[in-house]
Each structure stands twice: as C-alpha cells, then as structure tokens.
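Chains, contacts and geometry: an overview
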Amino acid sequence: MPELHLHNSRTRRKERFEPADPSHVRMYVCGPTVYDLAHVGNARPAVVYDVLARLLRQLYPKVTYVRNLTDVDDKINARAAEMGIPIAELTAQTTNDYHTDVAALGVLPPDVEPTATGHIPEMIAIIQRLIASGHAYAAEGHVLFAVGSFANYGKLSGRSADELLAGARVDVAPYKRDAGDFVLWKPSSPELPGWDSPWGRGRPGWHIECSAMSWKHLGETFDIHGGGTDLIFPHHENEAAQSLCAFPGSQFARYWVHNGMLLVDGVKMSKSLGNFTTMRDALRRASGEILRFLLLRTHYRATPDFSDTAINEAKKELDRFYRALERCPDAGGNSEASAVPDQVMEALCDDLNTPLALSAMHALADAALTGDAAAAAGLQASGRLLGFLTQTPDSWFRGEADDSNAIEAAIQERLAARKARDFARADAIRSDLTARGILLEDGPGGTTWRRASQ
C-alpha cells in the first residue's frame, strides 16, 4: 500500500502523513453554520473530506471523523428574527436540509457530528484555563483572548502583525487591551440565546466552539484539521492559538489541510457576494453523482469554476465510465471485494490527487471498453472509493422512470415500421423519443436506449 502524503498548511509543504497513533487516525473538519441552505461552495469541503475519510479507512484500521455543526451564531440569530421563527426551529430545519443535500452528493455521515450548543461546558472549561494561565481576560461581560500572550500567533496563516490586524476586521472596543484580541465569550440580551457562566449569561464566540468540540471528541492532540482556505484566518489561526495555550505541550492539529474555494466566473462563490447556487438548485440541474464528480475533477487545493459547461463535461466522463462497465456486465459482481488498482491508490495518496486518479480510471475504462473484465472491476472499485459509479449502467442511462414500458413499446413500433419499410414513421418515432430526451442506439444485438441527461 502506498504511503499517504498531504500538503500541510502549517509548514506550507507536502509531507508524509504519520498519525500519532497508527491504530486510530483522528480528523476534525469545520462543518456548516446552519442558518440557510448550503451552496455548492459549501459542498466542496463536504465532498473533499468525505473522500479523505474514505481513503484513510482504506489505509488504517480505525478512523474517527468529526464534522461539527455551528448552531449558535449571530447569523443564525439574525436569520431567525428575519423569518419570525424560533432559532431552534431554524437550526433544526437547516440541519435537515444540509444532511439531505450532502447525502445526494454521496457524502457519508461523519463518525461524530457535534453541535456547538451541546458543548457549552467544554467551552467554559477551556476559557477558564486560558484566564488562569494569563492568555485571556474578562472585561465588561466579555472574555477575550490576549493575542500578545502567544508568541506563535500568525504562524499558521503566515501573516505579519500588521497583516493580522488589518485582516481580522475586528471591532476596536474600549474594553479590549489590544485591538487584535478576539472574543471567547460575550453577553447575551434576553431575546438572544444564552447560558449561565462565571462571567454572566452569555454565548460563545465562534472560534472557541471548534476548540471545545475537537477536544471533547478527539483529545488535546489529533491528526488532521480540515476546512476551506477562507477559514485559515482568522478562524483556524484563533483555534490553534487558544487550544495550544489551553493545553500546554499539546500539538492541537498535527496536519492542517485546506481546500480551495469554488469560483463563479473567477470569483469565490459566497453568500455575501450573492453569486452562489444552492445545492438544492444545483441538484435540479444535475444529479448528485454528476455534481460530486465535477467537484473531484479538480485538485482539492485548486479553485475550479462552477458552470453548465463543467456540469456537461462531468456528465460525459461519467457516461464513458458507465459505458465501460456496461461492456463487462459480469465484472461488477465482485466489485465490493475488488482491490482499488495501484495507480489509483498512488494518485490519491499523493495529496489526494483526484484528477490523476480519474486519469488512471480513464485508462481502466479504455481497457474495459475492449472487454477487459479485470479492468472494469478495478474501475468500479475505484469509483466506489471516490463515491460514484454506485448505479448499474442500465439505471444510469435509462433511469427508473415509470415510462420505461411506453419507451419499449415505441421502440417495438419503430422496429415494425422499419420492417414494413415505413421509414418516415420509424424516423418520426425516433425524433419523438429524442425530443423527450431518449436516445436510441442501433447495433447488431438490436436497439437499446438511454436518457440524454440525468
């Protein structure tokens, strides 16, 4: 089995992955803030780290994958007020929507999915540790992390002190000792969510939430922390600072893995810019398998564009893979037991190089199209590891619509018309089916059909 190498954002280079405990790999990934439907950009980390978790399970005997839900946040409060519904109702519905959408993309549930609201005691405990060690202070109902107390602040993002201050977009509040200090705890007014604490009724800041949840479920030191590049600063920088200070001698996250942002016409897809497509809308344009494939066609650290052209290209590639499997119908019977071919595993172990893995899969498809059953089995095993090629070729091309009998009847009518040399009628039937998205393919074995799109 090839060795896994990952690009570590902390060291800014690709490194051999050496887990702290090879018998149990631990990974934490920042999940969604549940205040609105997730967009396709939010889907990218869900798919990327799903593939990484699947790969880790191929390589190690036990993996614990934690992906959190942020369910206490000012965006949530504002959205609930705007909609005129209770906050708990909004977060429950949005969480359900997120689960539905990522499941459609073939994303498996994480081993643990903690919520921020379920970890308030752990947050308070970490804050108390930070105050006791001089890394945090209370002021006017707030508790703030003292950035100046941590000499390595800025090491993860690689920013200078001036860049850190400029990039933090912080409020220069009078109770702060330093403008760059960030909030660990803040007071809540009666209409906002709040919990009792040594500093009064309040709620946590965003950064402390992930430190508490990772500590609770993975310990003081774990192997991989994942998320988008947009989280490196300030979120991950602040997470690392408070966790390393709260638990002296720990490493917090040993490898930091960050995926690039999805683009729309060269600009990052985001709700703040208004250039986003929700996963729900995207799933109306293409199947979840096509969207997943699209997100994996580009290396996870790159910044791909989301467009109709990209959707069509992804579908064509999947069509080719399914056509290759169709040529070897008996190869799929042992797909669960089939090993993923070395060339695919080597690509994935090289910093999760999915484009190179797909290239290797095209070579397998070339062989399968000539009738090589072993290549077809390897192709399907590779697809299952990556989370696609989960359908039969027949269901992929034909779908499972209720009009199958009517289509078959039309094909038989066309065949009868051709035998009667009524070619005008036969062409009319074919044209009618094409207009309905049904493509006919005449061959030595007769006429087969498939749907033009998923």
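See the structure printed just above.
The notes below deal with the structure included here.

1. Describing the overall build of the protein chain
When helices and strands are tallied, the protein chain shows 16 helices and 14 strands. Seen along its three principal axes, the alpha-carbon backbone of the protein chain occupies a region of about 90 × 50 × 35 Å. Looking at the protein chain as a whole, 52% of its 454 residues qualify as buried. Sequence separation of 24 or more characterises 75% of the internal contacts of the protein chain that already satisfy a separation of 6 or more. Split by element, the accessible area of the protein chain, about 19900 Å² in all, is 50% carbon and sulfur. Positive and negative charge centroids in the protein chain, built from 48 and 58 side chains respectively, lie 2 Å apart.

2. Considerations on empty space enclosed by the protein
Counted under the stated rule, the structure contains 2 cavities of 30 Å³ or more. One number sums up the size of the largest cavity: a volume of about 40 Å³. If you go around the largest cavity, the residues you meet are Arg44, Val48, Val51, Leu295, Leu296, Thr298, His299, Tyr300, Leu352 and Thr354. When contributions to the lining of the largest cavity are tallied by element, the ones reaching two or more residues are helix H1 (40-59) and helix H9 (288-296). Broken down by element, the lining of the largest cavity gets its largest block of residues, 3 residues, from H1. Per-class residue counts for the lining of the largest cavity are 6 nonpolar, 3 polar and 1 charged. Of the voids in this model, the second largest cavity is the one considered here, and its volume is about 30 Å³. Class assignment of the residues belonging to the lining of the second largest cavity gives a composition of 7 nonpolar, no polar and no charged.

3. Quick look at the sheet that holds strand E3 (residues 25-29)
The 4 strands are arranged E4-E3-E9-E10 in an open sheet whose pairing can be described as parallel. In this open sheet, the two edge strands, each paired with only one partner strand, are strand E4 (63-67) and strand E10 (252-259). Across this sheet, the average inter-strand angle for adjacent strands is 20°, counted without regard to direction. Sheet analysis places E3 next to strand E9 (residues 221-228), joined by 3 bridges and oriented parallel. If you follow Val29 over to E9, its bridge partner there is Gly226. The sheet contacts of helix H6 (residues 206-218) involve E3, E4, E9 and E10, and relative to E3 the element is tilted by about 160°.

4. Some remarks on the nonpolar core
In summary, soluble globular proteins display a tendency toward joint burial of nonpolar side chains. Counting residues in hydrophobic clusters, the biggest one holds 75 residues, and the most contacted among them are Leu56 and Phe388. Apart from the residues lying within four places of it in its own chain, the contact partners of Leu56 are Leu4, Phe17, Val25, Met27, Val63 and Ile224. Core analysis: the next-biggest nonpolar cluster, separate from the first, contains 39 residues, Cys30, Met213, Phe252 and Trp256 among them.

5. Remarks on H6
Structural remark: α-helix, 3.6 residues per turn; residues separated by three or four positions point the same way. Helix length check: H6, at 13 residues, gives a terminal C-alpha distance of 19 Å against a target of 18 Å (1.5 Å per residue), a fit within 8%. Among all positions of H6, only His207, Ile208, Glu209, Cys210, Ser211, Ala212, Met213, Ser214 and Leu218 are buried. Of the residues one or two after H6, Gly219 is the one with positive phi, at around 95°.

6. Here's the deal with the packing of aromatic side chains
With the rule as written, the count across this model stands at 11 aromatic pairs. Their ring planes at 55° and their centres at 5.8 Å tell us that Phe252 and Trp256 sit as a pair that is tilted. Trp256 carries the same exposure label as Phe252, and that label is buried. Look at Tyr322 and Trp396: their rings are 4.6 Å apart centre to centre, the planes differ by 15°, and that puts the pair in the stacked class.

7. Brief notes about the packing of H1 against H9
Where H1 meets H9, the axes come as close as 10 Å, and the angle between the chain directions of the two elements is 80°. As judged from the angle between their axes, H1 and H9 are roughly perpendicular. Residues Val40, Ala43, Arg44, Val47, Asp50, Val51 and Arg54 of H1 touch H9, and the partners they reach there are Arg292, Leu295 and Leu296. In terms of residue class, the contact of H1 with H9 is made up of 6 nonpolar, no polar and 4 charged.

8. Thoughts on the state of the cysteines
In protein structure, a disulfide is the covalent linkage between the sulfur atoms of two cysteines. Summed over the entire model, instances satisfying the criterion amount to 0 disulfides. No disulfide involves Cys210; its sulfur sits 3.9 Å from that of Cys30, the nearest cysteine.

9. Topic: the sheet that holds strand E7 (residues 182-187)
Read across the open sheet, the 4 strands follow the order E5-E6-E7-E8; overall the sheet is antiparallel. Strand pairing shows two members of the sheet lacking a second neighbour, strand E5 (136-139) and strand E8 (202-204), which therefore form its edges. Put simply, the sheet's adjacent strands are angled 20° from each other on average, direction ignored. Strand direction decides the pairing type here: E7 and E8, joined by 3 bridges, are antiparallel. Across the sheet, residue Trp185 finds its bridge partner in E8, namely Pro204. Helix H4 (residues 120-132) contacts E5, strand E6 (142-145), E7 and E8 of the sheet and is inclined by roughly 120° relative to E7.

10. A closer look at unusual backbone geometry
For residues besides glycine, phi is generally negative; the peptide bonds are generally trans as well. Across the junction of Phe233 and Pro234, the peptide omega takes the value 5°, indicating a cis bond. A positive phi angle, close to 50°, is found at Glu140, a residue other than glycine. Within the secondary structure layout, Glu140 lies in the loop between E5 and E6. A positive phi angle is found at Leu389, which is not glycine, with a value near 60°. Here Leu389 is to be found in the loop between helix H13 (373-386) and helix H14 (393-398). For Leu389, a relative accessible area of 0% translates into the label buried.

11. Let's talk about the pairing of E9
Counting buried positions over the 8 residues of E9 gives 7, a clear majority of the element. In this structure, E9 lies alongside E10, joined through 7 bridges in parallel fashion. Looking across to E10, one finds that His225 is bridged to Trp256. Crossover handedness for the path E9 to helix H7 (residues 232-246) to E10: right-handed.

Criteria and cut-off values
Residues numbered from 1 in each chain as written. Predicted model: local features only at pLDDT ≥ 70, side-chain atom pairs only at ≥ 80, totals over all residues. Heavy atoms only, no water. Helix = DSSP H or I, 4+ residues; strand = E, 2+ residues; numbered from the N terminus. Buried < 20%, exposed > 50% of the residue type's maximum accessible area, 1.4 Å probe, protein only. Contact = heavy atoms within 4.5 Å. Areas by Shrake-Rupley, 256 points an atom, 1.4 Å probe, with all protein chains shown as cover. Lys, Arg positive; Asp, Glu negative; His and termini not counted. Charge placed at Lys NZ, Arg CZ, Asp CG, Glu CD. 1 Å grid on protein atoms, 1.4 Å probe; cavity = no way out; pocket = protein on both sides within 12 Å on 5 of 7 lines; lining within 4 Å. Points joined across faces, edges and corners; volume = space filled by probe spheres on them. Nonpolar A, V, L, I, M, F, W, Y, C, P; charged D, E, K, R; others polar. Pairing = 2+ DSSP bridges. Axes fitted to C-alpha atoms, helices over the stretch in contact; angles between N-to-C directions. Core = buried A, V, L, I, M, F, W, Y, C linked by side-chain atoms within 4.5 Å. Expected span 1.5 Å × (residues − 1). Phe/Tyr/Trp six-rings, centres within 6.5 Å; stacked < 30°, edge-to-face > 60°. Parallel < 35°, antiparallel > 145°, perpendicular 65-115°, else oblique. Disulfide = S-S within 2.5 Å. Right-handed = clockwise from strand over helix to strand, strands pointing away.

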